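Structure at a glance
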Amino acid sequence: MKIDDYQFKTTARMVITIKFGRQGIQAMASRLCRSLTILCAGLAALLLGACTPEYNWRETIVADGNAQVAFPARIRTEERPMSFDGVQLTFSLTSASVGDAVFAVGYAKLPPDANEEFSRSLVRRTVMSLAASGGEPSDAAFAGEVFQLDTQVAGQASRLVARVLVHRDTLIEVVASGPKAALAPEQAGDFMRSLVLR
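What counts, and where the lines are drawn
- Residues numbered from 1 in each chain as written.
- Predicted model: local features only at pLDDT ≥ 70, side-chain atom pairs only at ≥ 80, totals over all residues.
- Heavy atoms only, no water.
- Buried < 20%, exposed > 50% of the residue type's maximum accessible area, 1.4 Å probe, protein only.
- Helix = DSSP H or I, 4+ residues; strand = E, 2+ residues; numbered from the N terminus.
- Pairing = 2+ DSSP bridges.
- Polar contact = N/O pair within 3.5 Å; in protein donor to acceptor, adjacent residues only side chain to side chain.
- Contact = heavy atoms within 4.5 Å.
- pLDDT = per-residue confidence, 0-100.

So, on to the pairing of strand E5 (residues 101-109). Among the nine residues that make up E5, seven are buried, leaving the element largely enclosed by the rest of the structure. Where strand E4 (residues 87-98) folds back onto E5 in an antiparallel hairpin, the turn is made up of two residues, including Gly 99, whose phi is positive at roughly 65°.

Relative to the elements of secondary structure, Ser 194 occurs in the loop between helix H4 (185-193) and strand E9 (196-197). Within the structure, the side chain of Ser 194 is placed 3.0 Å from the backbone nitrogen of Ala 70, a separation counted as a polar contact. Each residue touching Ser 194, except ones within four places of it in the same chain, is listed here: Gln 68, Val 69 and Ala 70.

Taken together, the three strands give an open sheet; going across it, the order is E1-E2-E9, and neighbouring strands pair in antiparallel fashion. The open sheet has two edge strands, strand E1 (58-62) and E9, and neither has a second partner. One ladder, built from two bridges, connects strand E2 (residues 67-71) with E9; its direction is antiparallel. In the strand pairing of E9, Ala 67 is matched with Leu 197.

Time to look at the confidence of the model for the chain. Scored by pLDDT, the chain has a mean of 80; 73% of the residues are at 70 or more. Within the model, pLDDT remains below 50 along residues 5-20, and this stretch shows seven contacts once partners closer than five positions in the same chain are excluded. Under a pLDDT of 50 for its full length, residues 35-52 has, in the predicted model, zero contacts with residues more than four places off or in other chains.

Following this line, the structure appears as structure tokens:
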């Protein structure tokens, strides 16, 4: 005997109702809704993760071969003249961006007759220029160590992690900066630790 679609659906409803009762059916529907909610939340998390900026670390030689650092994205390099105490220098900046976070290494070759006092003054001036947007640099900042400043940029709470030093007659400035929501301490730390002086 053939059972048409109507008979099949009616019979199926009767079996479910007899076996589980109306309360059982409501409980099944509730569980189904919860499962769908969890599934949708999981899909949303996956989609959100797909939109998160990716870090693709690549080691690069910078500062005329005096240093190596790992950048998290494609780099670009710019140059501009810089004057310090009447001495003309060429300041180069190699940088990469991931979202609103910027990772950069600036460097300038010191003149042949630059003495230790000139180097210390240049480091101090560079550190203070980084602190211009807020924050008070520690003594370690002037000694060539890594330091962090919590600043406000364009109304956003921002983070700046940097190191400024002179190595082989070259000023080297390593900086990771950006809004705190865009620059996690882990990525800033990875960038700083990747610096290798050559």
